[in-house]
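Secondary and tertiary structure notes
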Amino acid sequence: MINAPESMTAASQELMHERPMMKLKGQLQRLCPNLAPDASLAKYTRAIEQCRLMEQLPATTTSGTGGKCSRKAAKVRAEANQLYLAKEFEQALGKYNESICLAETGSEHLGMGYANRSAIYFEQDEFEYALANIALAKEHNYPERLMPKLLEREQQCREKLAEGKSKGTVPLQRFDLNVPVNSKIPFLASGIKMVRLEDFGRSMIATKRFKTGDVILHEKSILASIDQMLQFHNCNLCSAEEGFSLIPCPNCATVMYCSQECLERDFHLVHRFECPIAEKVQHLSYGFVNLGSRLFLYGLSLFDDDLDEMMRYCNRTKTGGNPLNLDYTRYDPLEEFKELYNLSATTTPTNESSYRFFATIRCLMYLESPLLKTIVISDEQKSFMRQCVLDFTRAASYYRWHLTSPLFPVQSLFNHSCDPNVLIVILSGHVKLVVFRPIRPNEQICFSYGHRWWDTPMCQEPFPMVFVCKCVVCDPSKKIAWLASKRELTLAAKAELVVVGLQVCGSDSDDVADLALIQTYIERNGRFVQAMEKFMKLLSLHWTLLFRLLRQEDEAQRRAKVAARLAGAAIDVVD
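We now turn to the structure provided with this report. This one's a predicted model, so the numbers in the text were calculated from it and none came from an experiment. (Residues numbered from 1 in each chain as written. Predicted model: local features only at pLDDT ≥ 70, side-chain atom pairs only at ≥ 80, totals over all residues. Heavy atoms only, no water.)

1. Quick notes on the overall build of the protein chain
Counting its secondary structure elements, the protein chain contains 20 helices and 11 strands. Against the compact-globule benchmark of 25 Å for 575 residues, the protein chain has a radius of gyration of 25 Å, which places it among compact chains. Sequence separation of at least 24 residues holds for 72% of the intrachain contacts in the protein chain that already meet a minimum separation of 6. Of the roughly 25,400 Å² of accessible surface on the protein chain, a fraction of 52% belongs to carbon and sulfur atoms. If the 68 positive side-chain charges of the protein chain are averaged to one point and the 68 negative ones to another, these points end up 4 Å apart. (Helix = DSSP H or I, 4+ residues; strand = E, 2+ residues; numbered from the N terminus. Rg over C-alpha atoms; globule rule 2.2 N^0.38 Å. Contact = heavy atoms within 4.5 Å. Areas by Shrake-Rupley, 256 points an atom, 1.4 Å probe, with all protein chains shown as cover. Lys, Arg positive; Asp, Glu negative; His and termini not counted. Charge placed at Lys NZ, Arg CZ, Asp CG, Glu CD.)

2. Section: the sheet that holds strand β10 (residues 430-435)
One open sheet holds the three strands; their spatial order is β3-β10-β9, and the pairing between them is antiparallel. The open sheet has two free edges, formed respectively by β3 (215-220) and β9 (422-427), since each of these has just one partner strand. Strand after strand, the sheet turns through a mean of 10° between neighbouring axes, direction not considered. Of the strand pairs in this sheet, β9 and β10 are connected by six bridges, and their pairing is antiparallel. From the neighbouring strand, Val-425 faces β10, where its bridge partner is Lys-432. (Pairing = 2+ DSSP bridges. Axes fitted to C-alpha atoms, helices over the stretch in contact; angles between N-to-C directions.)

3. Observations concerning a positive patch on the surface
A contiguous patch of positive charge on the surface is contributed by Lys-220, Arg-265, Lys-561 and Arg-565. In this structure, Lys-220 sits in strand β3. (Patch = residues over 30% accessible without salt bridge, like charges linked within 9 Å, V, L, I, M, F, W, Y side chains within 5 Å. Salt bridge = Lys/Arg side-chain N within 4 Å of Asp/Glu carboxyl O.)

4. A short note on the environment of Tyr-341
Checked against the element boundaries, Tyr-341 lands in helix α13 (residues 333-341). A residue is classified by how much of its surface remains accessible, and Tyr-341, at 6% relative accessible area, is buried. Linking Tyr-341 and Leu-390, residues 49 residues apart in sequence, is a C-alpha distance of 11 Å. The contacts of Tyr-341, once residues within four sequence positions are left out, are Tyr-313, Cys-314, Lys-318, Cys-388, Asp-391 and Phe-392. In terms of polar contacts, Tyr-341 uses its side chain to reach the backbone carbonyl oxygen of Cys-314, at 3.1 Å. (Buried < 20%, exposed > 50% of the residue type's maximum accessible area, 1.4 Å probe, protein only. Polar contact = N/O pair within 3.5 Å; in protein donor to acceptor, adjacent residues only side chain to side chain.)

5. Examining the nonpolar core
Of all hydrophobic cores here, the largest spans 119 residues; its most connected members are Phe-296, Met-310 and Phe-357. Those residues in contact with Met-310 that sit more than four places away from it in its chain are Phe-296, Gly-299, Leu-300, Phe-303, Phe-337, Phe-384 and Cys-388. Formed by 33 residues, the second largest nonpolar core is a distinct cluster that contains Val-425, Val-473, Leu-515 and Leu-549. (Core = buried A, V, L, I, M, F, W, Y, C linked by side-chain atoms within 4.5 Å.)

6. Overview of a negative patch on the surface
A grouping of Asp-304, Asp-306, Asp-308 and Glu-380 is seen on the molecular surface, where their side chains present a negatively charged patch. The class of Glu-380 is exposed, set by a relative accessible area of 57%.

7. Section: the pairing of strand β7 (residues 404-407)
Where burial is concerned, the two faces of β7 agree: the one with Thr-404 and Pro-406 and the one with Ser-405 and Leu-407 are both buried. Relative to β7, strand β4 (residues 223-226) runs antiparallel, the two sharing four bridges. Directly across from Ser-225, in β7, lies its bridge partner Ser-405.

8. Considering helix α4 (residues 70-85)
Helical periodicity: at 3.6 residues per turn, an α-helix aligns residues three or four positions apart in one direction. With 16 residues, α4 should reach 22 Å at 1.5 Å per residue; the first-to-last C-alpha distance of 22 Å fits that figure. Of the surrounding elements, those touching the buried residues of α4 are α5 (89-102) and α6 (108-123). Lys-87, located one to two residues past α4, shows a positive phi value of around 60°. (Expected span 1.5 Å × (residues − 1).)

9. Topic: helix α12 (residues 307-314)
Within the span of α12, buried status applies to Leu-307, Met-310, Met-311, Tyr-313 and Cys-314. Angular distribution of buried residues about the axis of α12 spans 165°; they occupy a single face of the element. Looking at the packing, one finds that the buried side of α12 touches α11 (290-302), α13 and α16 (379-396). Capping the start of α12, Asp-306 holds a side-chain oxygen 3.3 Å from the backbone nitrogen of Asp-308, two or three residues further along. (Arc of directions from axis to C-beta.)

10. Structural notes on unusual backbone geometry
Even without a glycine there, the phi angle at Asp-125 is positive, about 60°. Considering the arrangement of structural elements, one finds Asp-125 in the loop between α6 and α7 (127-139). Within the chain, Asn-141 stands out as a residue other than glycine whose phi angle is a positive 60°. Since its relative accessible area comes to 42%, Asn-141 is described here as partly exposed.

11. Description of the pairing of strand β2 (residues 201-206)
β2 sits mainly inside the fold: five of its six residues count as buried. Pairing of strand β1 (residues 192-197) with β2, which is carried by six bridges, proceeds in the antiparallel orientation. When the bridges of β2 are listed, Leu-197 appears paired with Gly-201.

12. Details of the packing of aromatic side chains
Summed over all chains, the structure comprises 20 aromatic pairs. Measuring from centroid to centroid gives 5.8 Å for Tyr-84 and Phe-89, while their planes differ by 50°, and the two rings are tilted. Ring centres 4.9 Å apart and planes at 70° place the aromatic pair Phe-436 and Trp-543 in the edge-to-face group. Here the residue Phe-436 occupies a position in the loop between β10 and β11 (446-447), and Trp-543 occupies one in helix α20 (residues 533-574), the gap between them amounting to 107 residues. Neither Phe-436 nor Trp-543 differs from the other in exposure class; each is buried. By way of ring pairs, the aromatic residues Tyr-298, Phe-303, Tyr-313, Phe-337, Tyr-341 and Phe-392 are connected into one cluster. A cation over a ring is seen here: Lys-318 above Tyr-341, with NZ or CZ 4.5 Å from the ring centre. Looking at Lys-338, its charged tip hangs above the ring of Tyr-313, at a distance of 4.9 Å from the centre. (Phe/Tyr/Trp six-rings, centres within 6.5 Å; stacked < 30°, edge-to-face > 60°. Lys NZ or Arg CZ within 6 Å of the ring centre and 35° of its normal.)

13. Here's the deal with the pattern of salt bridges
For the structure on display, the rule yields 35 salt bridges. Glu-523 is the partner of Arg-209 in a salt bridge, and the nearest nitrogen-oxygen pair spans 2.5 Å. Within this pair, whereas Arg-209 is found in the loop between β2 and β3, its partner Glu-523 is found in helix α19 (residues 511-525), the two being separated by 314 residues in sequence. On the accessibility criterion, Glu-523 (22% relative accessible area) is partly exposed. Here Lys-318 ties to Asp-391 by a salt bridge, and the two come within 3.6 Å at their closest N and O atoms. Taken as a pair, Lys-318 in the loop between α12 and α13 and Asp-391 in helix α16 lie far apart in primary sequence, 73 residues in all. Classification of Lys-318 by relative accessible area gives partly exposed; the value is 27%. In this structure, a network of salt bridges that share partners links the residues Lys-318, Glu-352, Arg-356, Asp-391 and Arg-394.

These figures capture arrangement, not role.
So this is what it looks like as structure tokens:
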């Protein structure tokens, strides 16, 4: 499998390199210039300790509040108020979420943060979300002296909804699995198998034909790595971008969750180890690499904190890992974890140096966790932990995305191509794959990490990638055969293309109808390739429309869930 890039802007990449993790790595390189990139993890450990890098991390909170401080919460909320008044709503939301995290449990500052969040959603005409936050404010000690203003906003929200002013709780179009599914993996279409290809490693191949518009995968994430830049915007367990409903960990001031279920599950599986050292964990948060240590902790929990038993399994020879071997109708997270561990990830020498540093320093940090200290005791156990975290850090590079890295074991088997035949979308902690053009039997199923051939004229160089792309567009030896396999559009197809273009660009165009029209055309002609402007624009429009409707579906379903919860709460009160 090709490593997935973090599709970041140049500014984001520059900011990432200024992060504490990279600064510490730079210090180690300056202070220990003779440390070989492939040195043992024990040597990395000694070098980090000799350079006293751990002393530069925040001190572990000893007050018992986990970093929570109502004074800081009030200060951050005041900053958010200024952003709110300037109508910088997204920035204000992040600050309000930070203030919610900082608010001491039981204080009125928690309720005030939720109330402020409701004001943002009222301004954005998101009345269901506003009501949800008003309910949270009432549940968390919102001060009585301010209650009239909150109740007035609540009444206004209900009036707006009664007038039909909701942005919608019913999707314009549903993108559910619409093909026969795998008997053992009900979230994956049947007719797909895993093979190993020389240039791509693990790959997914179609064993039957799929047509344009087929939904062939709908998988829920099992774990995620949330970069510090998004800690107040995404769920720490599933990665869902749920700013309207995020709730804080009650014991630390660093992570948030989209639901009580995610909060409890993450604490049981991972966060109980992190919570006492949460400030250090966030200080060393860096993109996808957090997933390496979180996967180790996740596995330890699945082995019931029996590190010796975990070691006995993990010290076996790796078999390559194939989640398609599992029976998800009888879901066993431990068996799933074992398949994930069996993946042998390869890296470049440059990456290997970074991964060894990341794994080592994060292990040193985690070994300050009071709970982990009682489990990882002997030198042999510490050595195993370092190696396991390194293995998972390598593997995590296969799952990485932009600042959040949700882990989808089955989706991770699909590779990238600049000539994708499926569109991928990750929303609310779920991933969907929708067929973008017809797929034939024995054809590899690929999505795009960002670049597609129709984004760049065929006569120009491909869009620069952060990895060596070996797809049919970028590999010169494959590109010749790829072009040779295509045919020029017929005169009739060219004429129809003009008609389709006029219809979908008309003033009375409708997204759902336009998508159906485009997909019908691509189903007939999608295997042709033409560097003609109209055809490339149609492919781009298809991509944009499909992504937009998928996002609208997700937004409507989220509003529907909020509305259902609110209705349930109302029924409970009546009863």
